[in-house]
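# Observations on chain architecture
Here are the chains, one letter per residue:
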Amino acid sequence: MTWQQELDDLVYDERQRTKAAEKRASEAETRADEEKSRADEEKSRADKYEKILKEHGLL
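Quick caveat, the model's predicted, so the values are computed rather than measured.

What follows is about the overall build of the chain. Regarding its fold elements, the chain presents one helix and zero strands. On C-alpha atoms alone, the chain measures out to a radius of gyration of 25 Å, which is more than a quarter above the 10 Å that the 2.2 N^0.38 rule sets for 59 residues. Principal-axis analysis of the C-alpha atoms gives the chain an extent of 80 × 10 × 5 Å. Of the roughly 5700 Å² of accessible surface on the chain, 52% is carried by carbon and sulfur atoms. With 13 positive and 17 negative side-chain charges, the chain shows a spacing of 6 Å between the two charge centroids.

Right, dumping it as structure tokens:
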């Protein structure tokens with residue numbers, strides 16, 4: 001194997017690792033967005049229940 005082939009292989013491997021890291025980062029960002037959405041929904045639900053309890057003098 002020539003040094004040029006070895007260099008090409010190294011570049012290819014590095015690009016594959018970079019693509020994999022970018023994919024993992026994108027997936028992590030998607031999971032974070034989903035978690036934030038769930039947290040927002042839970043806060044909204046808690047606010048709604050708190051309002052109902054206050055209206056009935058239970059809080």
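A word on a negative patch on the surface. Taken together, E6, D8, D9 and D13 make up a surface patch of like negative charges. For E6, the location among the structural elements is in helix α1 (residues 3-55). The exposure class assigned to E6 is partly exposed, which follows from its relative accessible area of 42%.

Moving on, we get to α1. Spanning 53 residues, α1 covers 77 Å between terminal C-alpha atoms, matching the ideal 78 Å at 1.5 Å per step. Count one or two residues on from α1 and you reach G57, which has phi positive near 70 degrees.

Quick notes on the rules
- Residues numbered from 1 in each chain as written.
- Predicted model: local features only at pLDDT ≥ 70, side-chain atom pairs only at ≥ 80, totals over all residues.
- Heavy atoms only, no water.
- Helix = DSSP H or I, 4+ residues; strand = E, 2+ residues; numbered from the N terminus.
- Rg over C-alpha atoms; globule rule 2.2 N^0.38 Å.
- Areas by Shrake-Rupley, 256 points an atom, 1.4 Å probe, with all protein chains shown as cover.
- Lys, Arg positive; Asp, Glu negative; His and termini not counted.
- Charge placed at Lys NZ, Arg CZ, Asp CG, Glu CD.
- Patch = residues over 30% accessible without salt bridge, like charges linked within 9 Å, V, L, I, M, F, W, Y side chains within 5 Å.
- Salt bridge = Lys/Arg side-chain N within 4 Å of Asp/Glu carboxyl O.
- Buried < 20%, exposed > 50% of the residue type's maximum accessible area, 1.4 Å probe, protein only.
- Expected span 1.5 Å × (residues − 1).

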